[in-house]
Amino acid sequence: MSTKAKPEGEVFLNTRDGGRMAVPAEGNLGLLAAGYRGLMIWREVRAASGWTTAKATADARSAFKSQRQLSVQTGQTDQTPE
């Protein structure tokens, strides 16, 4: 397996069977299945993108709050305690 970078900055992992797998900063299970090389390439892409655990957590919380507000506005409240 090897990597191939496009000018736009998109990175692909060339697989043994001749396929190409995109390497998103968010990661995916295919990269885990690719083993060590897939994980190392993903870490490089993630670091280059500026991804941090704190940013991902903040984004997830923001999305949850937005969804919850939308549910309240439409009257579809859930029974999840705060």
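Quantities reported herein were computed from a predicted structural model and do not represent experimental measurements. (Residues numbered from 1 in each chain as written. Predicted model: local features only at pLDDT ≥ 70, side-chain atom pairs only at ≥ 80, totals over all residues. Heavy atoms only, no water.)

### Observations regarding the overall build of the protein
Next up, step 1: Looking only at helices and strands, the protein features three helices and three strands.
Next up, step 2: Along the protein, helices and strands appear, N-terminal first, in the series β-β-β-α-α-α.
Next up, step 3: Buried residues in the protein amount to 16% of all 82 residues.
Next up, step 4: Long-range pairs, those at least 24 residues apart, make up 15% of the contacts in the protein between residues at least 6 apart in sequence. (Helix = DSSP H or I, 4+ residues; strand = E, 2+ residues; numbered from the N terminus. Buried < 20%, exposed > 50% of the residue type's maximum accessible area, 1.4 Å probe, protein only. Contact = heavy atoms within 4.5 Å.)

### Some details on the confidence of the model for the protein
Next up, step 1: For the protein, per-residue confidence averages 80 on the pLDDT scale, and residues scoring 70 or more make up 82% of the total.
Next up, step 2: Ranking the elements of the protein by mean pLDDT puts strand β1 (residues 2-5) last, at 49, and helix α2 (residues 36-49) first, at 91. (pLDDT = per-residue confidence, 0-100.)

### What about the environment of Leu39?
Next up, step 1: Looking at where Leu39 falls in the secondary structure, it is placed in helix α2.
Next up, step 2: Accessibility expressed as a relative area gives 30% for Leu39, which makes it partly exposed.
Next up, step 3: The spacing of Leu39 and Asn28 is 11 residues in sequence and 9.9 Å in space, taken between C-alpha atoms.
Next up, step 4: Setting aside residues up to four positions removed in sequence, Leu39 forms contacts with Leu31 and Leu32.

### Description of the nonpolar core
Next up, step 1: If you look at the biggest cluster of nonpolar residues, it comprises 10 residues: Val11, Leu13, Met21, Val23, Ala25, Leu31, Ala34, Ile41, Trp42 and Val45.
Next up, step 2: Mapped onto this core, the elements with two or more residues apiece are β2 (11-14) and α2.
Next up, step 3: Look past the residues within four positions of Ala25 in its chain and what remains in contact with it is Trp42, Val45, Arg46 and Ser49. (Core = buried A, V, L, I, M, F, W, Y, C linked by side-chain atoms within 4.5 Å.)

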